[in-house]
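If you want the building blocks of each chain, they are given just below.
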Amino acid sequence: MRPSSQSFPRLHLALAALGLISLLAVNGCGDDDNPTNPGGGATTTSFTGTFVSGYEGGMLTITVNTVSLARPLRAASAAVTATGVLSPDGGTAVPLTGTYDATTDSLYLTGGGYALAGQYYGSGPLVGIGGVYTGPNGPGAFGCPVGSSAS
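Quick notes on the rules
Residues numbered from 1 in each chain as written. Predicted model: local features only at pLDDT ≥ 70, side-chain atom pairs only at ≥ 80, totals over all residues. Heavy atoms only, no water. Helix = DSSP H or I, 4+ residues; strand = E, 2+ residues; numbered from the N terminus. Contact = heavy atoms within 4.5 Å. Core = buried A, V, L, I, M, F, W, Y, C linked by side-chain atoms within 4.5 Å. Buried < 20%, exposed > 50% of the residue type's maximum accessible area, 1.4 Å probe, protein only. Polar contact = N/O pair within 3.5 Å; in protein donor to acceptor, adjacent residues only side chain to side chain. Pairing = 2+ DSSP bridges. Axes fitted to C-alpha atoms, helices over the stretch in contact; angles between N-to-C directions.

Enquirer: I'd love a proper account of the overall build of the protein chain, names of residues and values included.
Expert: Of the regular secondary structure elements, the protein chain holds one helix and eight strands. N-terminal to C-terminal, the α/β element order of the protein chain is α-β-β-β-β-β-β-β-β. Across the protein chain, every contact between residues at least 6 apart in sequence was considered, and the portion connecting residues at least 24 apart equals 45%.

Enquirer: Provide a residue-level description of the nonpolar core, including the pertinent values.
Expert: F47, L60, I62, L86, L96, L116 and F142 are the most contacted members of the largest nonpolar core, which has 21 residues in total. Those elements that place two or more of their residues in this core are β1 (45-52), β2 (57-64), β3 (79-88), β4 (94-101), β5 (106-111), β6 (114-121), β7 (128-135) and β8 (138-145).

Enquirer: Describe the side chain of E56, naming the residues involved and giving the relevant values.
Expert: Mapped onto the secondary structure, E56 falls in the loop between β1 and β2. A relative accessible area of 13% places E56 in the buried class. At 2.8 Å, the side chain of E56 and the side chain of Y114 are in polar contact. Among the polar contacts listed, one links the side chain of E56 to the side chain of Y133, at a separation of 3.2 Å. Apart from the residues lying within four places of it in its own chain, the contact partners of E56 are F51, Y114, Y133 and N137.

Enquirer: An account of the sheet that holds β4 is needed here, citing residue identities and associated values.
Expert: Either a parallel or an antiparallel arrangement is found when strands of a sheet pair, and the pairing is made through backbone hydrogen bonds. Strand order in the closed barrel made by the eight strands is β1-β2-β3-β4-β5-β6-β7-β8, with antiparallel pairing throughout. Across the sheet, the mean angle from the axis of one strand to that of its neighbour is 25°, orientation sign disregarded. Where β4 and β5 come together, five bridges link them in antiparallel fashion. Of the residues in β5, the one forming a bridge with Y100 is L107.

Enquirer: Help me get a handle on unusual backbone geometry, residues and values and all.
Expert: Residues other than glycine seldom take positive phi values, yet D105 does so here, at roughly 55°. Note that D105 resides in the loop between β4 and β5. Under the relative-accessibility criterion, D105 is labelled buried at 10%.

Enquirer: Can you tell me about the environment of F142, naming the residues and giving the values?
Expert: Note on placement: F142 falls in strand β8. In this structure, the C-alpha to C-alpha distance between F142 and G58, residues 84 residues apart in sequence, is 9.6 Å.

Enquirer: Describe the environment of T97, and please don't skip the residues or the numbers.
Expert: Relative to the assigned elements, T97 resides in strand β4. Since its relative accessible area comes to 48%, T97 is described here as partly exposed. A C-alpha to C-alpha distance of 8.8 Å links T97 and V85, two positions twelve residues apart in sequence. For T97, the contacting residues outside a window of four places in its chain are A82, T83, Y108, L109 and T110.

Below is the structure:
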């Protein structure tokens, strides 16, 4: 049975996401001493990684305006501002703005026609933020371990 032409973009997206997760697991960067506060005295937490789809890819940096991404002890909302820069390969950098909510460990960023929704993973093989996005070139996935590109 021959697959439909609609299944190919899904297959490409699934393969791209799998490749992204594998790449980040092998090449992730961070600080072994305290992954949620790499600088020790910083007032933000930074993430650097990649985004990818069947049609585009590039570097993604995210900055969350909080020292710790740990869930708050109180039930009150713990939303803080977050920013990012999506840098497509061969394209112009796109600034992103949004929020990170420590109560739900969720990140939402938008800008330049892109909308990113992610989740913070504080343990496991990849400590960082991963999720999906939609943009002018269609949907894709992203993954950013804790740390900067210099880590």
